[in-house]
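# A look at the structure
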Amino acid sequence: MKHLLLAFLVFISLSTVSVAQGTVAHIDMSELLKIMPESKQAEAEINRLNQAYRADFETSYREYQAKFVKFEDEASTLSPEESAKRKSDLELIERNLAQSQQNIDKQIAEKRELLFAPIREKAKTLVTKIADDQGFLYVLDSAASNGLIMAKGKDLMPEVKRTLNIK
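A few points on the structure. (Residues numbered from 1 in each chain as written. Predicted model: local features only at pLDDT ≥ 70, side-chain atom pairs only at ≥ 80, totals over all residues. Heavy atoms only, no water.)

### Here's the deal with unusual backbone geometry
Going by this rule: Numbering goes from the N terminus for both helices and strands, where a helix is a DSSP run of H or I of at least four residues and a strand is a run of E of at least two. Buried means the residue's accessible area, taken with a 1.4 Å probe over protein chains only, is under 20% of the maximum for its type, while exposed means over 50%, and partly exposed covers the values in between.
Unusually for a residue other than glycine, Asn165 sits at a positive phi of about 60°. In this fold, Asn165 is placed in the segment after helix H5 (157-164). Look at Asn165 and you get exposed, because its relative accessible area is 72%.

Printed below as a string of structure tokens:
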């Protein structure tokens, strides 16, 4: 749907070039988000959180490995009932570790969204203001992943960088 809308906007803008010269600008929003100071702070916070989660996970995994090695060493001396019980315990720990990994990934994704939503909104507001100030009617996202093949219109990145005091 996003690509269809983008294609429609490109078609409209190209079909009205002679009538409305200079009404379309572009900017690479992913690049803008990368260079914003708030993004660097958000990434640092996410990295700290990720490292803390990974350290806890690795501790749990090492405990599992120790239990597994102990079970393998003692397997020949265990009764069938005790062997089955330990295998069951190890399988439960494996499932818990897998669930823990999924929870870590989910929590990191949620934190990323929480931290970056206001940054994306700030970037959008900034681009909109600059585009309005310069009289542009449309601003296309020229990020490679958004399907824009050609961008001959005005690039707003220099003005945005200047506003953010970034070189």
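Text resumes after the structure shown.
### Some remarks on the sheet that holds strand E1 (residues 24-27)
Note: strands within a sheet are paired through backbone hydrogen bonds, in either parallel or antiparallel orientation. Just so we agree on the cut-off: A strand pair is defined by DSSP finding two or more bridges across the two strands.
Ordered by their spatial adjacency, three strands build an open sheet running E2-E1-E3, and the pairing between neighbours is parallel. One side of each edge strand has no neighbouring strand; the edge strands of this open sheet are strand E2 (138-141) and strand E3 (154-155). Here two bridges tie E1 to E3, and the two strands are oriented parallel to one another. Bridge assignment links His26 to a residue of E3, and that residue is Asp155.

### Details of the nonpolar core
Counted only if it meets this: Residues belong to one nonpolar core when they are buried, are Ala, Val, Leu, Ile, Met, Phe, Trp, Tyr or Cys, and are joined through side-chain atoms within 4.5 Å. In this description, contact between two residues means that some pair of their heavy atoms is separated by no more than 4.5 Å.
Counting residues in hydrophobic clusters, the biggest one holds 30 residues, and the most contacted among them are Ile27, Leu32, Met36, Val127, Leu156 and Val160. If you list the elements that add at least two residues to this core, you get E1, helix H2 (29-35), helix H3 (37-74), helix H4 (80-133) and H5. Among the elements that line this core, the one with the most residues is H4, at twelve residues. Among all residues touching Ile27, those that are not within four sequence positions of it are Leu32, Val127, Val139, Leu140, Asp141, Ser142, Ala143, Asp155, Leu156, Met157 and Val160.

Without other data, these values stay purely geometric and don't point to any function.
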